[in-house]
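Architecture at a glance
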Amino acid sequence: MDHLHPCIPELKIKDYDTFRAFRCGICSQLREGYGFFANLILSNDLIPFALLTDGLAGREATVCMARCPRHWLRRHRMMCHTQGIRLAAQLNVLLAWHYIADAATVGPMEKCKRFLLMRLEHGAFVRACAEYPSIERIFLQEQAHAQALELAKNKSYEASWEPFTNIFSALFVYCAPDQSAVKALRRTGGAMGKILFLMRSIEEYARDKKIGKYNIFLENGLTYEAAREYAKCQCGIAAAEMANAYNLLNMKVYRSLLDNIMFQGLEECVSSIGVVKGRKRIRL
């Protein structure tokens, strides 16, 4: 479920190298901090957390050459482990665990994959919870909130994306170096949560319809085409709100890379909502 990636045609070569180095750094941190299988759940969506944390604090990480945790015969440029990379790795474990635990399954193969992943990642999840118990409390609280909305067959769009906006508002605050950036980060995270909720709801529309699972668009009787158009419109509104808040942040380093992800990359992703073929991805 990678949505936050750069727009490659508009990305400078040095920024692309930085993005790759951060991705490799998070992958390495997952392997070292959370076990041999932890980097199986690596997501590009958490790289902006590392960039924001280190960029706002003015920490420009040191790049080193190291062996890829996934491909031992290759050596890559990798960011040395910073506070931002450690935070991104912890969030990666927690978000992935809850996403796997919440994902509905259709057939025996999907059930086996889900069961196997949860068994492999259980130790990593326990360690991440011990390091950041406050984040886990937020997840559990908003998970209960989302379940209550689902049981009530909620039809309000604003209420349906509220758990996601609450989660990401709280998570983005962890990137703040001081209190001056908290308000802007909270607004940025809230808008980002709304966008990710709408994208996820569209991606799962067909599956939810097939198995009879709650989906805000199905609950309101929207066809797939109508749901897709509504999601695009609301994502555009949320992206404008996010841009206003993001521009208030005083980024000391990595500004050009984050600008690309937050504006051009997100716009590219929003424009391709519901489109599977032809979607661009980062390949290392």
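What this report covers is the structure whose coordinates are included nearby. (Residues numbered from 1 in each chain as written. Predicted model: local features only at pLDDT ≥ 70, side-chain atom pairs only at ≥ 80, totals over all residues. Heavy atoms only, no water.)

**Thoughts on the overall build of the protein chain**
Applicable threshold: Put simply, DSSP H or I for four residues or longer makes a helix, DSSP E for two residues or longer makes a strand, and each gets a number counted from the N terminus. Note that the radius of gyration is over C-alpha atoms, with the globule rule given as 2.2 Å times the number of residues to the power 0.38. Think of it in three bands: with a 1.4 Å probe and only protein chains considered, a residue is buried below 20% of the maximum accessible area for its type, exposed above 50%, and partly exposed in between. In this analysis, two residues are considered to be in contact whenever any of their non-hydrogen atoms come within 4.5 Å of each other. Residues scored as positive are Lys and Arg, those scored as negative are Asp and Glu, and His as well as the terminal groups of each chain are ignored. Working definition for charges: the position is that of NZ of Lys, CZ of Arg, CG of Asp or CD of Glu.
Within the protein chain, the secondary structure is distributed over twelve helices and two strands. Going from N to C terminus, the protein chain has its helices and strands arranged as α-α-β-β-α-α-α-α-α-α-α-α-α-α. For 284 residues, the compact-globule formula gives about 19 Å, and the C-alpha radius of gyration of the protein chain, at 18 Å, lands near that figure. Burial analysis of the protein chain (284 residues in total) assigns 50% to the buried set. Taking the intrachain contacts of the protein chain between residues at least 6 apart in sequence as the baseline, contacts between residues at least 24 apart amount to 74%. For the protein chain, the distance from the average position of its 38 positive side-chain charges to the average position of its 28 negative side-chain charges is 5 Å.

**A few points about unusual backbone geometry**
A positive phi angle, near 55 degrees, is found at Lys153, a position not held by glycine. With respect to the helices, strands and loops of the structure, Lys153 is situated in the loop between helix H5 (133–151) and helix H6 (157–160). Residue classification places Lys153 among the partly exposed residues on the basis of a relative accessible area of 46%. A positive phi is found at Tyr254, a non-glycine position, where the angle reads about 65 degrees. Position of Tyr254 relative to the elements: it lies in the loop between helix H11 (224–246) and helix H12 (255–271). With relative accessibility at 11%, the residue Tyr254 sits in the buried group.

**Structural notes on H5**
Convention followed: How far a helix is expected to stretch is found by multiplying one less than its residue total by 1.5 Å. This arc is built from the directions going out from the helix axis to the C-beta atoms.
Between its first and last C-alpha atoms H5 spans 27 Å; for 19 residues at 1.5 Å apiece the expected length is 27 Å, and the two agree. Residues of H5 that are buried: Ile135, Glu136, Ile138, Phe139, Glu142 and Leu149. For H5, the buried positions fall inside an angular range of 150 degrees around the axis, keeping them on one side. Structural note: H5 exposes Arg137, Gln141 and Leu151 on the side pointing more than 90 degrees away from its buried face. Downstream of H5 by a residue or two, Lys153 has a phi angle that is positive, lying close to 55 degrees.

Everything listed here is a matter of geometry and, on its own, says nothing about what the molecule does.
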